Amino acid sequence: DVKVTQSSRYLVKRTGEKVFLECVQDMDHENMFWYRQDPGLGLRLIYFSYDVKMKEKGDIPEGYSVSREKKERFSLILESASTNQTSMYLCASSLLHLPKTQYFGPGTRLLVL
Amino acid sequence: GQNIDQPTEMTATEGAIVQINCTYQTSGFNGLFWYQQHAGEAPTFLSYNVLDGLEEKGRFSSFLSRSKGYSYLLLKELQMKDSASYLCAVREERRNSGYSTLTFGKGTMLLVSP
């Protein structure tokens, strides 16, 4: 079974804080993704990575950065958290070859006060 | 970019059949996925279509027509545990990078009643 884990299920931070969300997968997947999910907006892609030290912007990268130093780990960084970054954050991973089915972690619900 | 439409909510009765539709517009179609998401949980993979036709997997089937930009998820013999959000996602090659990623619809909340 594919296992994708995220460092926290719930997180409360203050405006301006630097926030790290960690994601680890144990299936040797090449691809990793960060999404946020908001009511009425669905899942939106923030950043993705197809290899170690490689990153690509998704559809809503503003206010976020990522780091992939090891194949199994993909970190999402909020340099200076803002209230509009309150959301559910979901990490996913997939193999490089088709069909590239994505498998999701349990999510981190982040509240920025 | 692309536009993915699916109904916001649907209701059905235990034991019945329900069809959840998804329409999409894309410039570089590369496959369509259906995911199930229970409240407060992560999406889980249900099905994948890349060629036209029906893919059957137990009580769940998914259909694709690429020429019409249309897919549906068919759930048979509904059970209470099928109450969840169902997400349609289209894979498309990104214009600037050449990599392909998924774009998700907003999801269809299905409520199964006794």
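Quick caveat: nothing in here was measured; it's all calculated off a predicted structure.

Trainee: So what exactly am I meant to see when it comes to the overall build of chain B here?
Mentor: Summing up its helical and strand segments, chain B has zero helices and 11 strands in all. When the helices and strands of chain B are read in sequence order from the N terminus, they spell out β-β-β-β-β-β-β-β-β-β-β. Here the C-alpha atoms of chain B give a radius of gyration of 14 Å, agreeing with the 13 Å that 2.2 N^0.38 yields for 114 residues. In terms of principal-axis extent, the alpha carbons of chain B reach across some 50 × 30 × 20 Å. Looking at chain B as a whole, 47% of its 114 residues qualify as buried. A separation of at least 24 residues holds for 56% of the contacts in chain B among residues at least 6 apart in sequence. Accessible surface computed for chain B: about 5,600 Å², of which carbon and sulfur atoms make up 48%.

Trainee: Looking at this model, I keep getting lost on the interface of chain A and chain B. Mind explaining?
Mentor: The accessible area lost on association of the parts is a frequent measure of interface size. The interface is formed by 25 residues belonging to chain A together with 18 residues belonging to chain B. In this assembly, chain A packs against chain B so that about 1,700 Å² is buried in total across both faces, 57% of it on carbon and sulfur atoms. Taken together, chain A and chain B are joined by one salt bridge. The salt bridge partner of Asp59 of chain A is Arg94 of chain B, with a shortest N-O separation of 2.9 Å. Our count for the contact surface shared by chain A and chain B stands at eight residue pairs in polar contact (both at pLDDT 80 or more). Among the secondary structure elements, those contributing two or more residues to the side of chain A that touches chain B are β4 (31-38), β5 (42-49) and β6 (56-57) of chain A. Per-element tally for the side of chain A that touches chain B: the top contributor is β5 of chain A, with four residues.

Trainee: Explain the sheet that holds strand β3 (residues 18-25) of chain B here, please?
Mentor: In sheet architecture, strand pairing relies on hydrogen bonds along the backbone and comes in two forms, parallel and antiparallel. Residue and element names in this part refer to chain B. On the basis of which strands lie adjacent, the open sheet formed by five strands has the order β1-β3-β8-β7-β6 and antiparallel pairing. Edge strands, defined here as strands with exactly one partner in the open sheet, are β1 (3-5) and β6 (53-57). Geometrically, the sheet is characterised by an average inter-axis angle of 15° between neighbouring strands, direction not taken into account. Bridge analysis of strand β7 (residues 60-65) against strand β8 (residues 70-75) gives six bridges, and the strand direction is antiparallel. The residue bridging Phe63 from the neighbouring strand is Tyr72, located in β8.

Trainee: Is there a simple way to think about the pairing of strand β9 (residues 84-93) of chain B in this case?
Mentor: Each regular strand shows side chains that alternate between the opposite faces of the sheet. All names here are of chain B. Where burial is concerned, most of β9 is hidden: nine out of the 10 residues are buried. Both strand β4 (residues 29-37) and β9 contribute to a ladder of seven bridges, which runs antiparallel. Its bridge partner lying in β9, Gln37 is registered against Ser85. In this structure, β9 lies alongside strand β11 (residues 108-113), joined through three bridges in antiparallel fashion. The residue bridging Ser85 from the neighbouring strand is Met109, located in β11. Looking at chain direction, β9 and strand β10 (residues 100-104) are connected through five bridges and run antiparallel.

Trainee: Would you explain the sheet that holds strand β3 (residues 19-25) of chain A in this entry?
Mentor: Residue and element names in this part refer to chain A. Spatially, the four strands line up as an open sheet ordered β1-β3-β8-β7, and their pairing is antiparallel. Lying at the two open borders of the sheet, with one neighbouring strand each, are β1 (4-6) and β7 (65-70). Across the sheet, the axes of successive neighbouring strands diverge by a mean angle of 20°, strand direction being ignored. The sheet contact formed by β7 and strand β8 (residues 73-78) spans four bridges and is antiparallel. When the bridges of β8 are listed, Ser67 appears paired with Ser75.

Trainee: Can you walk me through unusual backbone geometry in this structure?
Mentor: Negative phi values dominate among residues other than glycine, just as trans dominates among peptide bonds. Even without being glycine, Lys53 of chain A reaches a positive phi, approximately 65°. Relative to the assigned elements, Lys53 of chain A resides in the loop between β5 and β6. Accessibility expressed as a relative area gives 62% for Lys53 of chain A, which makes it exposed. With a phi close to 45°, Glu77 of chain B is a non-glycine residue in the positive phi region. Mapped onto the elements of the fold, Glu77 of chain B is located in the loop between β8 and β9. A relative accessible area of 54% means that Glu77 of chain B is categorised as exposed.

Analysis parameters
- Residues numbered from 1 in each chain as written.
- Chains lettered and ligands numbered in written order.
- Predicted model: local features only at pLDDT ≥ 70, side-chain atom pairs only at ≥ 80, totals over all residues.
- Heavy atoms only, no water.
- Helix = DSSP H or I, 4+ residues; strand = E, 2+ residues; numbered from the N terminus.
- Rg over C-alpha atoms; globule rule 2.2 N^0.38 Å.
- Buried < 20%, exposed > 50% of the residue type's maximum accessible area, 1.4 Å probe, protein only.
- Contact = heavy atoms within 4.5 Å.
- Areas by Shrake-Rupley, 256 points an atom, 1.4 Å probe, with all protein chains shown as cover.
- Buried area = accessible area lost by both parts, 1.4 Å probe.
- Salt bridge = Lys/Arg side-chain N within 4 Å of Asp/Glu carboxyl O.
- Polar contact = N/O pair within 3.5 Å; in protein donor to acceptor, adjacent residues only side chain to side chain.
- Pairing = 2+ DSSP bridges.
- Axes fitted to C-alpha atoms, helices over the stretch in contact; angles between N-to-C directions.

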